[in-house]
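Single-letter residue listing:
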Amino acid sequence: MILSVNLSGPLPAPYKMLHGFENMTQELRHLLSPQRAPERLLQLAQENLDTLVTEMDELLTRATKVTADGEQTRQDAERTNDRAKSLGQFIKGILQAAEAANEDAIKLNETLRTQDETLEKSLPELQSKADRMIAELRSRKLNVQERIAQDELK
């Protein structure tokens, strides 16, 4: 069989087969590389899992803080609402007292039957009395309640 082959001429190289071997060798090298090793892939997966667990813990901590802040805000809002109601009742009481004082003043004027001249003469006195009343209202410690209301509003 060997004598029937022409050995005097160059034999063509089996390029197709050699090319297939080259591609297969490169693919095997890639599959057997350290980056593709199952141990390495497991290590990467474990690192990713650890990172995910850490991030989930941080999110849980943040959610807990937000919930606590929300509860505190609700309590603050309730306290502010209660204080506002109390202040409203206080103002209503002042309004009723002022209306009663006005009615008493009207009755007193009717009783005394003040003449127009007397009224004009007593106008500066009434003005000074009104100024004193306003000064007395300002001297009361309402600024503490106002400051609390402003803080709650902020």
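Per an unreviewed UniProt entry, the protein chain goes by the name Laminin subunit alpha-2 and belongs to Pterocles gutturalis.

Observations concerning the overall build of the protein chain
Assigned secondary structure in the protein chain consists of four helices and zero strands. Moving toward the C terminus, one meets the helices and strands of the protein chain in the order α-α-α-α. Out of the 154 residues in the protein chain, the part that is buried amounts to 2%. Roughly 14,500 Å² of accessible area belongs to the protein chain as shown, and the carbon and sulfur atoms make up 60% of that amount.

Remarks on a nonpolar patch on the surface
On the surface, a cluster of nonpolar side chains totalling about 370 Å² of accessible area is made up of Leu-87, Phe-90, Ile-91, Ile-94 and Leu-142. With respect to the secondary-structure elements, Ile-94 resides in helix H2 (residues 38-112).

Quick notes on the pattern of salt bridges
Where side chains of opposite charge bring their charged atoms close, a pairing between them can arise. This model, assessed by the stated rule, comprises four salt bridges. The salt bridge partner of Arg-74 is Glu-78, with a shortest N-O separation of 2.4 Å. Of this pair, Arg-74 and Glu-78 both sit in helix H2, four residues apart, roughly one helical turn. Given the relative accessible area of 41%, Glu-78 is considered partly exposed. Taking the shortest distance from any N to any O, the salt bridge between Arg-79 and Asp-76 comes out at 2.2 Å. Of this pair, Arg-79 and Asp-76 both sit in helix H2, three residues apart, which is roughly one turn of that helix. Bridged by salt links that share partners, the residues Glu-71, Arg-74 and Glu-78 form one connected network.

Calculation notes
Residues numbered from 1 in each chain as written. Predicted model: local features only at pLDDT ≥ 70, side-chain atom pairs only at ≥ 80, totals over all residues. Heavy atoms only, no water. Helix = DSSP H or I, 4+ residues; strand = E, 2+ residues; numbered from the N terminus. Buried < 20%, exposed > 50% of the residue type's maximum accessible area, 1.4 Å probe, protein only. Areas by Shrake-Rupley, 256 points an atom, 1.4 Å probe, with all protein chains shown as cover. Patch = residues over 30% accessible without salt bridge, like charges linked within 9 Å, V, L, I, M, F, W, Y side chains within 5 Å. Salt bridge = Lys/Arg side-chain N within 4 Å of Asp/Glu carboxyl O.

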